[in-house]
Amino acid sequence: MDIQYVGEHLFWGYAGRFSLFMAFFAAIFAAFAYYRASATTRIDYRQWRCWARRAFRIHSLMIGIASFALMFILLSGFYEYRYVWIHMENDLALGYKIASFWAGQEGSLLFWILCQVVFGLLLMRFNRQWEMHVMTIFSLSQVFMVSMLLGLRFGSVSIGLDPFLLLRLSPENIANHFFHNPEYLSLITDGNGLNPLLRNFWMLSHPPVTFIGYAAVLVPFAFALSGLWIGKFHDWIRPALPWTILGVFFLGAGILLGGVWAYESLTFGGFWAWDPIENASLVPWLILVAALHLMLISQKKRHSYAPAFLFSILAFVFVIYATYLTRSGVLSETSVHSFGSDGMGLHILIYMFSFLFMGLALLFKEFRRLPSKDSENMFTRDFWMFIGALVLVLSAFQIIFSTSIPVFNKFFGAELAPPTDVVNYYNNWQLPFAVVIALLLGFTHFLRWGRNEPRRFITRVSLSLILAIVFTILIAALYGISGIGYVSMLFASLFALFSSLDMMLRFPKQYISTGGAISHIGMALFLLAILLTFSKKTTISENTSGYFLGNGFPETENLLLIKGEVLPMGEFYVTYAGRRFDGERIIYQVDFLKTNKKGEYYKVFSSYPAVLLNERMGNVYEPFSKVFPFRDIFTYVTFADLSDEVTPEPYNLLDEISITVGDSITFNNNKLIFHAIETRDMEGSTGAEDVKIIAVMEMLTHFGEHFPVEPAFIYLGGNIFYEDHVINELDVKFRFRMPSDKPNTIQLEIYEENLEFIIIKTVIFPFINLLWISIVILLAGLWISYRSRRKVALKRRKP
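This structure is a prediction, so every number in the text was calculated from the model and none was measured.

Procedures and definitions
- Residues numbered from 1 in each chain as written.
- Predicted model: local features only at pLDDT ≥ 70, side-chain atom pairs only at ≥ 80, totals over all residues.
- Heavy atoms only, no water.
- Helix = DSSP H or I, 4+ residues; strand = E, 2+ residues; numbered from the N terminus.
- Buried < 20%, exposed > 50% of the residue type's maximum accessible area, 1.4 Å probe, protein only.
- Contact = heavy atoms within 4.5 Å.
- Areas by Shrake-Rupley, 256 points an atom, 1.4 Å probe, with all protein chains shown as cover.
- Lys, Arg positive; Asp, Glu negative; His and termini not counted.
- Charge placed at Lys NZ, Arg CZ, Asp CG, Glu CD.
- Phe/Tyr/Trp six-rings, centres within 6.5 Å; stacked < 30°, edge-to-face > 60°.
- Lys NZ or Arg CZ within 6 Å of the ring centre and 35° of its normal.
- Pairing = 2+ DSSP bridges.
- Axes fitted to C-alpha atoms, helices over the stretch in contact; angles between N-to-C directions.
- Expected span 1.5 Å × (residues − 1).
- Polar contact = N/O pair within 3.5 Å; in protein donor to acceptor, adjacent residues only side chain to side chain.
- Core = buried A, V, L, I, M, F, W, Y, C linked by side-chain atoms within 4.5 Å.

Here we look at the overall build of the protein
Moving on, step 1. Within the protein, the regular secondary structure consists of 19 helices and 23 strands.
Moving on, step 2. C-alpha atoms of the protein, sized along the principal axes, occupy 130 × 90 × 50 Å.
Moving on, step 3. Of all 799 residues assigned to the protein, the portion counted as buried reaches 52%.
Moving on, step 4. Sequence-distant contacts, at least 24 apart, represent 68% of the contacts inside the protein between residues at least 6 apart.
Moving on, step 5. Total accessible area on the protein stands at roughly 37,000 Å², and carbon and sulfur atoms take up 60% of it.
Moving on, step 6. Averaging the coordinates of the 63 positive side-chain charges in the protein and doing the same for the 62 negative ones gives two points 29 Å apart.

Remarks on the packing of aromatic side chains
Here a ring pair, both rings aromatic, is described through the centre-centre distance and the interplanar angle of the planes.
Moving on, step 1. Per the counting criterion, the structure on display carries 64 aromatic pairs.
Moving on, step 2. Taking the centre distance of 5.2 Å and the plane angle of 40° together, the rings of Trp783 and Tyr786 count as tilted. Taken together, the residues Trp783 and Tyr786, both in helix H19 (residues 768-795) and three residues apart, mark about one turn of the helix.
Moving on, step 3. Classification of Trp783 as partly exposed rests on a relative accessible area of 35%.
Moving on, step 4. Of the aromatic side chains, those joined through ring pairs into one cluster are Phe101, Trp102, Phe111, Trp112, Phe211 and Tyr214.
Moving on, step 5. Stacked on the ring of Phe126, the Lys or Arg Arg125 has its end atom at 5.0 Å from the ring centre.
Moving on, step 6. The ring of Trp130 carries Lys232 above its face, with NZ or CZ at 5.8 Å from the centroid.

A look at the sheet that holds strand E21 (residues 732-739)
Moving on, step 1. Within the open sheet, the four strands sit side by side as E13-E22-E21-E20. Their pairing is antiparallel. Two strands close off the open sheet at either side, each with one partner strand: strand E13 (651-660) and strand E20 (725-727). Strand-to-strand twist in this sheet, taken as the mean axis angle between neighbours without regard to direction, amounts to 25°.
Moving on, step 2. Relative to strand E22 (residues 745-753), E21 runs antiparallel, the two being bridged by seven bridges.

Quick word on unusual backbone geometry
Moving on, step 1. In this structure, Trp274 takes a positive phi of about 55° despite not being glycine.
Moving on, step 2. With respect to the helices and strands, the residue Trp274 is situated in the loop between helix H8 (237-265) and helix H9 (276-301).
Moving on, step 3. Although it is not a glycine, Asn744 sits at a positive phi angle of roughly 55°.

As for H9
Moving on, step 1. Relative to the 38 Å expected for 26 residues at 1.5 Å per residue, H9 spans 38 Å between its end C-alpha atoms, a close match to the ideal helical length.
Moving on, step 2. Where burial is concerned, most of H9 is hidden: 23 out of the 26 residues are buried.
Moving on, step 3. Taking the backbone nitrogen of Ile277 as reference, a side-chain oxygen 2.9 Å away marks Asp275 as the first, capping residue of H9.
Moving on, step 4. Directly beyond the C-terminal end of H9, a positive phi value near 60° is found at Arg302.

Notes on the nonpolar core
Moving on, step 1. Counting 202 residues, the largest nonpolar core has Phe223, Trp236, Trp285, Phe309, Phe316 and Leu325 as its most contacted members.
Moving on, step 2. Among the elements that line this core, the one with the most residues is helix H10 (residues 305-327), at 17 residues.
Moving on, step 3. Residues contacting Phe316, with those up to four places away along its chain left out, are Gln116, Ser141, Tyr214, Val217, Leu218, Phe221, Tyr351 and Phe355.
Moving on, step 4. Core analysis: the second largest hydrophobic core is formed by 21 residues, Leu672, Met697, Phe713 and Phe736 among them.

As structure tokens, this is what we get:
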């Protein structure tokens, strides 16, 4: 008997699912019609092109309706839908409700598809000459992408995920008796909620910008294949260039926004952690940058077509591979960014290998027809730009090889061990690549296209070279940079910076209007900032509290702060001032102090690290960065009591020991020495057995302080009493529990005061603001370059 469920909003699910199926079939027809339009005679192609355009517009409309339906059920909080229940909750702010659209597998794929729809419509409008061939490939990509959202099941075989799947119909809930209740929906008052790691301002922009970048990378791929397809090995470059730059801009911006999010929200203490998913996004960007420069060479000098085609193809293939790494679950144990396994892996691999085979087959077929250079002069700009592109690709392949170790182990039964110290491993590998790229970036500015005279080259490069040498010596000496790798990186980045500035000042109209020199300045500053910031970042939170923190908290990096107690930390003194509850957050106030000439403390600033409470998905420890012009002081809580209850007992038993006269023990980095036992009569006592026994001890702190300790055991009138000894300065109490049967031995209890405390870690990042400035300059240069190339492409566009 069918159950008639109450309160479900099924229309939007039906509308969204129907739209996706219609979009899928419309994309198939669009790909077929565009292919026929490209293959038929001039008389017939117009009709096929007309049908293809209509099909793609229908496809676009259906994707728009599906996107609207998903956004509507999210904003409306329709928890009968699995995707809504997983990623939404009642108290989410509007911005985070919108961000929940791309928080999961299904929504992020739909957003990516939507971005490709927009780019497809723009290509139809502004690239009519290449429309039929480019849109054939574009539509085919949409077929694969939309198929990932069909949510079809044929027995044990599934095709794609379903963003409109009802919660009660999800595989994990089919047998759940809760959903046999027709009114189950009235019992679901809230959703599971957005992952607390995603509740950050930068997460509102990082994922969508990255997906826009992914979509943009498809365009140069489609142009490259179209150029091979119709034998126009040179003409495809001009219309593809602005799209390539746009892909570099958005994909680079997405990666960098992710770095900003990681710096401000995560506690690994840095901008880049070489996480496998971060690496997977970086690789296509590096390859696309290489493709961009090879396209410039091919456009200018009419050679190097094969690598330009190859890298344009590989850039998008590695976008799909990055998707596989993220969505297949293969990296779920090694990356905080990875989705779990939803059976998407094989689907994505089919997509990737289909497009890889299509691209390589066309390139192999046309390889012999590609124009080539008869002889190569090494002293030219194009030669060294070519070398730079190869270095970028080698860098990318080193990253992707190490990142793919879990993939090799899974498919080939290998037992390769991933690097243990990931950051140092990748830094050591990538440092030589960065040095070479910076050097090439520097001296290719002074090379002309074609032949160059060595004397004129030396004259042009001398100023930048001298400035780089002088500033390298000064910065290395003043800043304490040593080691051949770091010094080489310092020199190379300064050389790239000065050479870019030189070119921009000498030829402002040429270099500023095209954006090349500006983006190169941004890259040089970025490399310089990476060196200055992360080679000299300093952890100042060494534990000076005297308390042992335990194995999970290295004493050289963590400091225990008791509320109201002032302790030294680096150049500061710090004190824990208290905490306050702000909704789901506990915000801690740590005051950074200094002393004046009189030795009095004064506050320099306050830091406010927080803990975002989430019982379902785990608490998130949020750092706080105090920003100064030339450094950030980055603080986060590594341990805190997150309860809001007050402990009823003032003291907590720390240890109970048996100690003999002459013995000593160590606790909390303090030493307790047992000197003697003294027996005294009780004054005014009438009992013959009444007695007071005193344990004479001494406490030596790790600061060199001495405290007398004299707890007493009292027997009075047949009753036992204790005269505890409290050391207020150390927040400890000693109790002489009882004499032992062993001579000169007692039972001693040691108590510590139940104090409110936190453990913090503080890191100083010097010149981190230079990193943010360099990112802005880099992106500004890319945007100027995109607009410049777009104007050129539009001027030469044929109707």
